[in-house]
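Chain by chain, the residues run as shown.
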Amino acid sequence: MPGWRGVPSLAPVAVSGPLSRLGQDPSQRRAAAAMPGPRAVPPVPVVATAVRADHLRISLTGLGSAAAFHTVTVRPRVDGHVRKVAFQEGQIVRQGDLLAEIDPRPFQVQLAQAEGQLAKDIAQLQNAKVDLARYTVLLAQDAVAPQQRDTQRALVHQYEGVIKSDQAQIDNAKLQLTYSRITAPMTGRIGLRLVDPGNVVRANDPNNSLAVITQGQPMAVVFNIPEDALPQVLNKVRAGKHLTVEAYDRTLQNKLATGTLLTIDNQIDPNTGTVKCKAVFPNEDEALFPNQFVNARLLVDTEKDTSIVPSAAVQRSPQGTFVYVVKDDSAVEMRHVVVGPSEGEAVAIEQGLTPGEVVVIEGVDKLQRGTIVAARMTGASNAKGNQ
């Protein structure tokens, strides 16, 4: 209406200027969006780390269990009832310490009987010797027959044999009396008490034991390694090298003890394709316990001054293994590398990388050659590339 002033005209106007200056009309925004022009591509966020030069320890990991070097089941050697138990469960006992005592009175009686029989036979022997001397004199005077003298001499020898038998009975009674005192055969930790005072025990009963003693210092660990790795280990052993073995817990995170390889079994298990190895640990802090499950890591070699990257950085394709290297302009380069031995999450790179270069370890599925990235360095607060 031309009579009204101040009313804006609704005639279309040409769109010019940047999109930010347009009005709120949807048709205007769509027209501006359809206009050709360059767009800025945002960088791809990734996590990267620097290639480090370090020594790489090459180890073989095998499942194993701790085993005491000596385990003794203490059993009674004579029959009788237990009069005393002299140990505390779980304590460290020394060789020769008294563990238990069986009623010794029956053996004391046997000893007294054997000593009395010995005294009786000694008297008979002395009498037989006197008669032998008498018959010898009478034979010289032709008063007795030679046969009587010879018979008396045989009787003397017989009594001498009886005395030896009596002495053996005395020694046996003393031995039984000694067995009535049960002592520790070695130094170690004693287990739970299996017999209480007042119980009757028997020497020939395999189920009748007093306790079990285990030697925990040193401690052995028996573990398995693959048969394919056996030549490498044998070459080190034959060269006279003492290989280090580390014992870890079930999660393979906490190191329990460090020892040395003691020996290798003489045959391979055909069912598992592994061979048993035995290592010895001082176990001074008693971190290892008999029959404890452990992960053993046998150190067989050390790669010195090699380029090391995390295993997540190494990618594989039909053409081989490669890594994404972040260049100074924040663009990534796909570089083929030669992978060496690995240890845990660390991988040695024999060719293709130099220490100090940056490789991508997370976000590689979004990358291709020349992609611009915003790399967040592990262990660093700032990022490399576009922020």
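Residues numbered from 1 in each chain as written. Predicted model: local features only at pLDDT ≥ 70, side-chain atom pairs only at ≥ 80, totals over all residues. Heavy atoms only, no water.

### Describing the overall build of the protein chain
The test is simple: For the purposes of this entry, the term helix denotes a DSSP run of H or I that reaches at least four residues, the term strand denotes a run of E that reaches at least two, and both are numbered from the N terminus. Partly exposed residues are those whose accessible area sits between 20% and 50% of the maximum for their type, while under 20% is buried and over 50% is exposed, using a 1.4 Å probe and protein chains only. Contacts are residue-level and defined by heavy atoms, with any inter-residue pair within 4.5 Å sufficient. Working definition of accessibility: Shrake-Rupley area with a 1.4 Å probe, residue cover restricted to the visible protein chains.
Along its length, the protein chain carries four helices and 23 strands. Here the protein chain holds 387 residues, and 35% of them are scored as buried. A sequence separation of at least 24 residues applies to 73% of the contacts in the protein chain between residues at least 6 apart. Looking at the protein chain as shown, the accessible area adds up to about 23,900 Å², and 50% of this sits on carbon and sulfur atoms.

### Details of the pairing of strand β15 (residues 293-310)
What counts here: Two strands are said to pair when DSSP picks up at least two bridges between them.
Where strand β2 (residues 52-68) lies against β15, 13 bridges are found, and the strand directions are antiparallel. Bridge pairing in β15 links G62 to A296. Bridging between strand β12 (residues 244-248) and β15 involves four bridges; their strand directions are antiparallel. In the strand pairing of β15, V245 is matched with L298. Strand direction decides the pairing type here: β15 and strand β20 (residues 346-351), joined by four bridges, are antiparallel. The residue bridging V309 from the neighbouring strand is V347, located in β20.

### A few points about the packing of aromatic side chains
So the rule is basically this: Aromatic contacts are taken between Phe, Tyr and Trp rings whose centres are within 6.5 Å, Trp giving its six-membered ring; a plane angle under 30 degrees counts as stacked, one over 60 as edge-to-face, and the others as tilted. Placement of a positive charge over a ring is assigned whenever Lys NZ or Arg CZ falls within 6 Å of the ring centre and within 35 degrees of the normal to the ring plane.
Applying the stated criterion across every chain yields a total of one aromatic pair. Measuring from centroid to centroid gives 5.5 Å for F322 and Y324, while their planes differ by 90°, and the two rings are edge-to-face. By the burial criterion, F322 is buried, and Y324 matches it. We note K278 situated over the ring of F69; from NZ or CZ to the ring centre the distance is 5.1 Å. When the ring centre of Y248 is taken as origin, the NZ or CZ atom of R297, which lies over that ring, is 5.7 Å away.

### Observations concerning the sheet that holds strand β6 (residues 98-102)
The pairing of strands in a sheet happens through backbone hydrogen bonds and is either parallel or antiparallel. With respect to topology, four strands assemble into an open sheet ordered β7-β6-β4-β9, the strand pairing being antiparallel. Edge positions in the sheet fall to β7 (181-183) and β9 (200-201), since each of these pairs with one other strand and no more. Bridging between strand β4 (residues 80-85) and β9 involves two bridges; their strand directions are antiparallel. Along β9, the bridge assignment pairs H81 with V200.

### Considering the pattern of salt bridges
Worth spelling out the cut-off: Salt bridge, as applied in this entry: a Lys or Arg side-chain nitrogen positioned within 4 Å of an Asp or Glu carboxyl oxygen.
Per the counting criterion, the structure on display carries 11 salt bridges. Here R52 ties to D54 by a salt bridge, and the two come within 3.1 Å at their closest N and O atoms. Of the residues examined, D54 reaches a relative accessible area of 33% and is grouped as partly exposed. Measuring nitrogen to oxygen at the nearest pair gives 2.8 Å for the salt bridge that ties E357 to R335. On the criterion of sequence distance, the pair formed by E357 in the loop between β20 and β21 (358-362) and R335 in strand β18 (residues 332-336) is long-range, its members being 22 residues apart. Note on accessibility: E357 and R335 belong to one class, buried.

### Here's the deal with the environment of L56
Within the fold, L56 resides in strand β2. A sequence separation of 291 residues divides L56 from V347, and the C-alpha atoms of the two residues are 8.3 Å apart. Other than its neighbours up to four places away in sequence, L56 contacts D301, T302, E303, T306, I308, P341, S342, E343, A346 and A348.

### Re the nonpolar core
Cut-off, in case you're wondering: Here, the term nonpolar core denotes a set of buried Ala, Val, Leu, Ile, Met, Phe, Trp, Tyr and Cys residues that are joined through side-chain atoms within 4.5 Å.
Among the nonpolar cores identified, the biggest contains 25 residues, and F223, V233, V245, L261, F281, L288 and L298 are the most heavily contacted of them. What L288 contacts, discounting residues up to four positions off in sequence, is A66, M219, V221, A247, L256, A257, F281, N283 and V294. Judged by nonpolar contacts, the second largest core, of 18 residues, contains V82, L99, A184 and V195.

### Brief notes about the layout of surface pockets
Summary: where empty space remains is shown by rolling a probe the size of a single water molecule over the atoms. Put simply, the rule is: Cavity: a set of points on a 1 Å grid over the protein atoms alone where a 1.4 Å probe fits but cannot get out. Pocket: an open set with protein on both sides within 12 Å along at least five of seven lines, its lining residues, like those of a cavity, having an atom within 4 Å of a point. Grid points are joined across faces, edges and corners, and a volume is the space filled by probe spheres set on the points. Under the grouping applied here, Gly and all other residues not named as nonpolar or charged are polar, the nonpolar ones being Ala, Val, Leu, Ile, Met, Phe, Trp, Tyr, Cys and Pro and the charged ones Asp, Glu, Lys and Arg.
Approximately 340 Å³ is the volume attributed to the largest pocket. As for the largest pocket, its lining consists of 18 residues, of which I92, R189, T214, Q215 and G216 are closest to the centre. Taken together, the elements giving at least two residues each to the lining of the largest pocket come down to β8 (188-190) and β10 (211-214). The dominant element in the lining of the largest pocket, judged by the number of residues it contributes, is β8, at three residues. Residue composition of the lining of the largest pocket, grouped by class: seven nonpolar, eight polar and three charged. Of the volumes computed, that of the second largest pocket is approximately 180 Å³. Lining the second largest pocket are V72, T73, V74, R75, P76, R77, T178, Y179, R181, I182, T183 and P185. Elements represented by at least two residues in the lining of the second largest pocket include exactly β3 (71-74), α3 (146-179) and β7.

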